[in-house]
Each structure stands twice: as structure tokens, then as C-alpha cells.
Amino acid sequence: MSEMPPILVDEHLPSTLETLVEAYAVDAYRGAEIELWVFDGSQRRRRFEAVFATAGVKARIRSAYKPLVHHFLEEIDLDGSQEIEIRYPVVTDTDDNRFRLECYPVTALVGDRTLRFVAAEPSNGDGPPRYKLALWSDGGTIRTPEVVAPNKFLTDPMGQRVLTNCGWIRITGTIDPALQVDEALETDQELAFARAIEALKTIPQTTVEPYFDRLHLRIEAPFYELSLPFAKECLSTAEAMHEDLYFSGLEIFKARHGKAAEDRKIAPGQIVPEIVATEHTVRVYVHAAPDPLLAQDIKPIKGSTADLAAVETWLGPQTIKAHLDALDGEAYEARSFRGRPIWGRYFKGEAPGVVISSGQHANEPSGPVGALRAAAQLRAEGTSNFAVAPMNNPDGYALFRELVQRNPNHMHHAARYTAVGCDLERYDRAFENEIRYLGRDRTGAELHLNLHGYPSHEWTRPFTGYVPREFERWTLPKGFFLILNYHPGFKERGEAVISAMVDALAGYEPIVELNRSQLEFRKPYVEDTTFEVIKHIPVFTKERDKGLFPIEVITEAPDETIYCQDFIHAHTAQMIATLAAVHHYQSSKHPVA
């Protein structure tokens, strides 16, 4: 590991609203009107409007994050309106669907009114983009308000020009015309993000990876969260900052490797955003530190073997181990980069082999429970020649468990990858990926069931283009779905496995209902033709030449982050899909491909 200073930056920044009050709540602006767009929550914005009012300044302070949604929550009067048209902006050199996605989930805020989206004529991005609304009442009258959506073009950490959310200030009605402004405003949260990114760029470029054990990106600012009246949706600037910091950090190190970055084993270390909501303080603190849980995690702890069918949240590693031990079978083990154990169990037999794994991305918590439940059921049935490894990424899982203590309802993609900051599949036979080789060696398996999850609510990156780059199709949930990857010659067998899994899932009403709801609700915002929906289950298929197993089926549950009955439904679906795949595969005749 290369040498680097333990503290890269520790800087206090001015609070945007407090600074603006000092500058404009003064006699020179008495009688003026000020419009501001910032990333603060509504309560804080209303409080500062009142401060301006005491100085004789009429202020309206709006949200720079998802401004159309906030307009429906805070300003628009829908009484008497029966139809609504949203003409969303389209800006040249950006995704045509960018601003329609940013409307999500406005359809949940309009009741049973008819709502339609229409794309505006493309603009070049001069001045802030605007949504234009048309509201029709019973009498046919039309109201046409406009909603400003402050954005500006920036060069992001990958060196690409992107249109990003930003602050804005507009001052009118001043006695002195020279005091009137209408321009972008760099807010405290934008500046804090930029400072953290600048600190990451100072890390020396060496041939030694990882560059650090853990790099903490702590940002304190007036973040807010607001639950919405639809499913588990929540407007959270704290979560958005976490996601943008983490993936921007990865992109900085990818950029160092040039165009071949995706094919290289980028391993900067574990990037850990720490997002702290404060009232007045704005601080950026970037520092290196060791993994605080390592010694505790490696020490054996007695676990619980409580009924998995009733589990309402993620399992601790000791509980995972206890359930594996209860299955007997042949134990085998790999070690993570930091030395944490990765446990597997093999059950001997002559049937076609299957490997079941989960926890590759450690912030996807339903897979380990589903894998353990499926393994227990298979053993009770006498099924043999399969291997199961329910937690493939224990270093990431340790970070996940740490992060959810602070923010239990966030996605926490910082815990997605291994301790060196890359996917375990980027390795050849080493560290976390060794567990899969060990399972394949024992079973001779050609089928791998890889249980995953993904966000149960919207995923955004407001400071680098809003839509998560390279994860565009994961921006909105679409229910429990399946991905089939197969080698040439294995398509028919893979599709037969998928068919059995779809049939089984179609008989589980909670998942069918979830899928109906999420697939229907996302339609107005995104057009995705990359998958087929079979019996309410979305299915992706892809042929590939590489891969440890000729047939790999990936399950995807919208489980980041859900609890209670929703979590039970997710891991039950994981179990149902796994059992269906194993039953079909081991009962079928398999010709040589």
C-alpha cells in the first residue's frame, strides 16, 4: 500500500443560506424580491424566508434537487384540475430522458388526475432549463406555470462534460439595477462535493494498489430527508451525496487507467462516504483509516439459528455461519482480502452440479437469507451435489453493517465492492473469488445461481449528471427480475432454467403484485426495451464467451433497503427461484454442449 497523508483535507465551508442572509437581508435590498434554489430542506428554507422578510426582502427559496417534485409538494394548487401536462426540458448533448426521469415519482402526487409527459424542443442549455406545466379544469380553463430546474454544464471526475444540478439566484426589484442578478449559485453542498473530489485527485498515482485501506469522505451539511406517499420513496440529499461521492471516487481512479479502465483490475481501496446532517456546520473531512471492525469480525462468535422464514432484516455473519453449520455437509473456506472467512458447504452426490452463491455485492441483503433457506430445503429433500456460499464479500458486508447503523434506509453502494474497491469477479482465482472455484471444483457445476439485489427506490447522482453512469437501467425499480448469462451452446439449457424459475415466481403473489406495481409505475418515466416480461417477471438474456460457469442465472430483488414483511417477501422469492432452478436442472437430461 502506497504512502499517503492520513488527512487529505479538513475544511469548514460557509453555509449558503447564512451567507446569503448576511449579504442580502440589508437595507440596499429592502423591497427587492429574491428567488433562490438551494439543496436545503423545506423547513430550513421557510425559516430563512422569514429572516429575509424581517429585513423587508421578499424571498422565495426553492429546492435545487428534484425541483418539479418539490413544486408539486410545496407550491402548486391542483384543486379543480383534471388533466396535467408536463413539458419537460431536453438539452442538447444530454440524455433526452434526463429531465423526465427527474420528475419521478410525481405521478404519485397528483391523485387520479390524468398526467402526461411531452418532450420540449431541444435547447442548448443557456440559462436554467424549465418545466412547462399545463393544467385543465372541468371548465376547460388552462393554467400554465413554469418550474425552473437549475442546472449547469461541468467537467466531471471522468473528464466528461455533464449537465448537473446546481444552485441559482435571481434578484429583481432593486432600486439600483446593477444589484439585479440571474445566475448560477455554487451552494455549500456543491462546494463540499467539489472539495472532496479535489482531495481524492491528490492521492499519488503509483503502481501499488490499493492506495489506501479505507478512505473516509466525511461531509457535514444541512442535508434532509423527506418520505413520499409512494412505496419506499424518499427524497434524500444525504443519500444522493453518498452515491455521488462513492461512484465519482471510483471514476477518478478508473480515469487514471484511460480507456481500458473497465478491463483492468482497478483497486484503489475502500471508499467510505460519511454523510452527516447538521443545522449550521458545513465541513469536508477526508482522511485515511483502518477497518475498525476487522478484529471483531474475525473472532468467532456464537450465532443464532432462529427461523429464517421470519427474518425481517439482514443477518449477522455469526448467524450465517450458524445456519451453515446446521446443514452439515463438507465445509470449505476461502479468505477475503482482509482475511475474513468466506464459508461454503458442499453436499456430495451424482446429480448435475449446481453452485449457489450470494453476497457478492454486500449491500444486497436478501440473497444470503434466500440462499440459506433454499439450501436447508434442498437438504431436507435429500438433494445432493450442490454447494452454497451465502456471503461472498465479507469485507464489504462489514462496511454495510456499519453504514446501516447510521442510515438504515439508504442504498449504501460504498459497501458494494470488496475491500480493495473492485468487484470480486475482477480477480482470477484469488481472495473472494476463490470461493466460487472451490464450489465448482467440488460439484463440477455448469450452473451458477447468483443471488443479487438492487435499489428499492430511485438512485440519483445530482452533481455528475443526475442519472447514475453505467447503471442507467437501475435508476428506478422494476420488481424482482432475472438475468441469464450463457456460453455459446448453452442457450437452450439456460432458458429452460429461467422458464422454471419464472413459473415458480409467478405463483408467489406478493412478488407478482410488487412487479405489477413497480413495472406500471415506472412506465411514464423510462422506456426500457432491453428486457422481456414473462408472467410479470422481467428477464434479461445475454450470450458471453467468458465466465466461470457456462450458465449463470442472476436474481435481482429490489432489496436496498427494505425491512419487515417486504424483506420476508424478497428472501422468500430468492428461495423460490433457487429451488425451482435446482429442481429443474437436476431432473433434466443435459446433452453435451
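Coordinates for the structure precede this section.
Residues numbered from 1 in each chain as written. Predicted model: local features only at pLDDT ≥ 70, side-chain atom pairs only at ≥ 80, totals over all residues. Heavy atoms only, no water.

### Quick look at the packing of aromatic side chains
Within the structure shown, the criterion is met by 23 aromatic pairs. With a centroid separation of 6.0 Å and 15° between ring planes, the pair formed by Tyr397 and Phe400 is classed as stacked. Residue Tyr397 and its partner Phe400 are both found in helix α10 (residues 394-406); the two are separated by three residues, about one turn of the helix. One exposure class covers both Tyr397 and Phe400, and it is buried. Both rings, one in Tyr454 and one in Phe481, keep their centres 5.2 Å apart while their planes meet at 65°; by these two values the pair is edge-to-face. Separated by 27 residues along the polypeptide, Tyr454 in strand β22 (residues 447-455) and Phe481 in strand β23 (residues 481-486) bring together distant segments of the chain. Residue classification places Tyr454 among the buried positions, given a relative accessible area of 1%. The class for Phe481 is buried, based on a relative accessible area of 0%. Three or more aromatic residues link up through ring pairs in this structure, and these residues are Tyr454, Trp474, Phe481, Phe531 and Phe540. The cationic tip of Arg98 hangs over the ring face of Phe99; the distance from NZ or CZ to the ring centre is 4.4 Å. (Phe/Tyr/Trp six-rings, centres within 6.5 Å; stacked < 30°, edge-to-face > 60°. Helix = DSSP H or I, 4+ residues; strand = E, 2+ residues; numbered from the N terminus. Buried < 20%, exposed > 50% of the residue type's maximum accessible area, 1.4 Å probe, protein only. Lys NZ or Arg CZ within 6 Å of the ring centre and 35° of its normal.)

### Looking at the nonpolar core
Side chains of a nonpolar character, in soluble globular proteins, are inclined to be buried together. Core analysis: the largest hydrophobic core is formed by 147 residues, its most contacted members being Phe72, Ile86 and Tyr131. Residues within four places of Tyr131 in sequence aside, it is in contact with Leu68, Ile86, Arg87, Tyr88, Pro89, Phe99, Glu102, Cys103, Pro145, Glu146, Val147 and Ala149. One finds Tyr24, Tyr29, Ile34 and Phe48 within the second-largest nonpolar core, a separate group that totals 17 residues. (Core = buried A, V, L, I, M, F, W, Y, C linked by side-chain atoms within 4.5 Å. Contact = heavy atoms within 4.5 Å.)

### Quick look at the pattern of salt bridges
Between side chains of opposite charge, a pair can form when the charged atoms approach closely. The final tally for this structure, using the stated rule, is 52 salt bridges. Measuring nitrogen to oxygen at the nearest pair gives 2.9 Å for the salt bridge that ties Arg218 to Glu220. Glu251 serves as the salt-bridge partner of Arg469, at 2.9 Å between the closest nitrogen and oxygen. Placement of the pair is Arg469 in the loop between β22 and β23 and Glu251 in helix α6 (residues 237-255), with a sequence separation of 218 residues. (Salt bridge = Lys/Arg side-chain N within 4 Å of Asp/Glu carboxyl O.)

### Regarding the sheet that holds strand β17 (residues 283-289)
Strand order across the open sheet formed by four strands is β1-β17-β13-β16, with mixed pairing between neighbours. Of all strands in the sheet, those with a lone pairing partner are β1 (7-12) and β16 (270-277), marking the two edges. Neighbouring strand axes in the sheet, compared pairwise and without regard to direction, differ in orientation by 15° on average. Summarising the sheet, strand β13 (residues 214-221) and β17 pair through seven bridges and their orientation is antiparallel. Counted as the bridge partner of Arg218 is Tyr285 from β17. Seen against the sheet, α10 touches β13 and β16 and runs at an angle of roughly 5° to β16. (Pairing = 2+ DSSP bridges. Axes fitted to C-alpha atoms, helices over the stretch in contact; angles between N-to-C directions.)

### Observations regarding helix α2 (residues 42-54)
Under the 1.5 Å per step criterion, the end-to-end length of α2 is 19 Å for 13 residues, consistent within 8% with the ideal 18 Å. Those residues of α2 that fall on the buried side of the exposure criterion are Arg44, Arg45, Phe48, Glu49 and Phe52. Viewed end-on, α2 has its buried residues packed into an arc of 140°, placing them on one side of the element. α2 presents Gln43 and Thr54 as exposed residues on the side facing more than 90 degrees away from its buried surface. Directly after α2, the chain includes Gly56, whose backbone phi takes a positive value near 80°. (Expected span 1.5 Å × (residues − 1). Arc of directions from axis to C-beta.)

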